[in-house]
Amino acid sequence: MANLGTSYMGLELDNPFIVGSSGLTRTPAGVEAAAEAGAGAVVLKSLFEEQIRLEYAETTASLAESVHPEALAYLQADIAGRFGPRDYLEVVKKASAAVSIPVIASVNCTSSESWIEFAGQVEKAGAAALELNIYVLATDPQVKSGQVDQVYLDIVSQVTERVTMPVAVKLAPYITNLPRLCSKLVERGASGLVLFNRLFSPDIDVDKEEVCGGISLSHPSEHRMALRWVALLSEILDVDICGSRGVHDGEATVKMLLAGACSVQMTSALFSKKLKHLGTVKEELCAWMDERGYEDIDTFRGRLAEDPANTNLFQRAQYIKAFVGVG
Ligand SMILES: Cc1cc2nc3c(=O)[nH]c(=O)nc-3n(C[C@H](O)[C@H](O)[C@H](O)COP(=O)(O)O)c2cc1C
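Note that the coordinates shown come from a computational prediction; the quantities given were computed from them, not determined experimentally. (Residues numbered from 1 in each chain as written. Predicted model: local features only at pLDDT ≥ 70, side-chain atom pairs only at ≥ 80, totals over all residues. Heavy atoms only, no water.)

Draft legend 1. The environment of proline 202, seen in detail. Following the sequence through the fold, proline 202 ends up in the loop between strand 9 (192-195) and strand 10 (203-205). In sequence terms proline 202 and glycine 214 are 12 residues apart; their C-alpha atoms lie 7.8 Å from each other. (Helix = DSSP H or I, 4+ residues; strand = E, 2+ residues; numbered from the N terminus.)

Rendered as structure tokens:
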């Protein structure tokens, strides 16, 4: 039987299937269930930067009433390092102690504010790595694209300066020049890229004539957006890539690995088919490898990204009749 082991950001995983950050991984019990179901690793539900800043602000406000202003500045610098949402740290601690698979913490961030000190606490609590879920929604026409990119770079620089654990950046696909931003993120110390996140999308209820929202799960066809970028970036960047979004089965996993990913993340498929689906996808990957005599993942990982002819195909954005038969 094929060996499904893989290395992701220096973490040794029994298999490439990582349970993505979501309600499935909110509690230590959820993490244990994922490990029992056969996950290679888990990413905890994200702690939101706003939650960290709120707790920080509340503590600072109560201190401001009792402490001399000069002393307050010193205390403020220290507070961010010592206090964070304790519940989250407790989850990191308990989950990491309860399972033998890597537990990756996650912070959802949009700025490089004082919350960054919290990354150090997450590391101390036992997280194997940290995934930064960064998305800056640019809505101000006065802000230049470079300024938006700089936010990503500042966050990653500051976090990687504070921790020794590997740091992954989970990106949404809506970036003007993804290869440049990713290469700069790697320069700033990112060890992994998670391609891609799937963002909350507002909707409109036409009966009520109201803006609405809600959880929407991915469709399996969505994996093709990530596939292109996994293939293109794995060839040019020295970084571990995790294929994410629309990975619902063993076949999509094989595609991500052939394109150069080290691992994949699954969320929607596990919501709809439950954690037991991990057993099925592992069997599907194993069967595909056994059929071809591949003993381990490294034997075929990245095989379809290496050939320049394939690079041309991954770089193609417009349909042409000769190639796809329509257009
Ligand atoms: C209900 C739900 C909650 C999620 N919460 C988070 C979160 O807290 N942090 C995060 O980085 N991604 C979150 N995600 C995004 C998923 O981790 C994943 O990146 C996305 O759903 C795409 O993968 P999929 O196609 O396998 O679902 C959430 C997704 C869902 C469906």
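Draft legend 2. Structural detail: the site of the ligand. Neighbouring the ligand are 19 residues, the closest being Ser46, Asn133, Ser218, Gly246 and Ser268. Contact between the ligand and serine 218: an oxygen atom at 2.5 Å from a side-chain N or O atom of the residue. The fraction of the free accessible surface of the ligand (610 Å²) that becomes covered by protein chains is 90%. Of the residues belonging to the shell around the ligand, the class tally is 4 nonpolar, 11 polar and 4 charged. (Near = heavy atom within 4 Å. Polar contact = N/O pair within 3.5 Å; in protein donor to acceptor, adjacent residues only side chain to side chain. Areas by Shrake-Rupley, 256 points an atom, 1.4 Å probe, with all protein chains shown as cover. Nonpolar A, V, L, I, M, F, W, Y, C, P; charged D, E, K, R; others polar.)

Draft legend 3. Focus on the packing of aromatic side chains. On inspection of all chains with the given rule, the structure shows 5 aromatic pairs. Three or more aromatic residues joined by ring pairs form one cluster here, namely Trp288, Tyr294 and Phe300. (Phe/Tyr/Trp six-rings, centres within 6.5 Å; stacked < 30°, edge-to-face > 60°.)

Draft legend 4. Up close: the nonpolar core. The biggest cluster of nonpolar side chains holds 87 residues, and the ones touching the most others in it are Leu132, Tyr152, Val159 and Leu185. With residues near it in sequence (within four places) discarded, tyrosine 152 still touches Ile134, Tyr135, Val136, Leu171, Ile175, Leu181 and Leu185. Counting 13 residues, the second-largest nonpolar core is a separate cluster that includes Leu11, Ile104, Ala129 and Ala168. (Core = buried A, V, L, I, M, F, W, Y, C linked by side-chain atoms within 4.5 Å. Buried < 20%, exposed > 50% of the residue type's maximum accessible area, 1.4 Å probe, protein only. Contact = heavy atoms within 4.5 Å.)

Draft legend 5. Looking closely at a nonpolar patch on the surface. Together, Ile204, Val206 and Val211 give the surface a local cluster of nonpolar side chains, amounting to about 340 Å² of exposed area. As for its position among the elements, valine 206 is in the loop between strand 10 and strand 11 (210-212). (Patch = residues over 30% accessible without salt bridge, like charges linked within 9 Å, V, L, I, M, F, W, Y side chains within 5 Å. Salt bridge = Lys/Arg side-chain N within 4 Å of Asp/Glu carboxyl O.)

Draft legend 6. Representation of the pattern of salt bridges within the structure. As enumerated under the stated definition, the model contains 7 salt bridges in all. Arginine 292 is the salt-bridge partner of glutamate 291, the closest N and O atoms lying 3.3 Å from each other. With a relative accessible area of 64%, glutamate 291 lands in the exposed category. A salt bridge links aspartate 298 to arginine 301, with the nearest nitrogen and oxygen atoms 3.4 Å apart. For aspartate 298, a relative accessible area of 58% corresponds to the exposed category.

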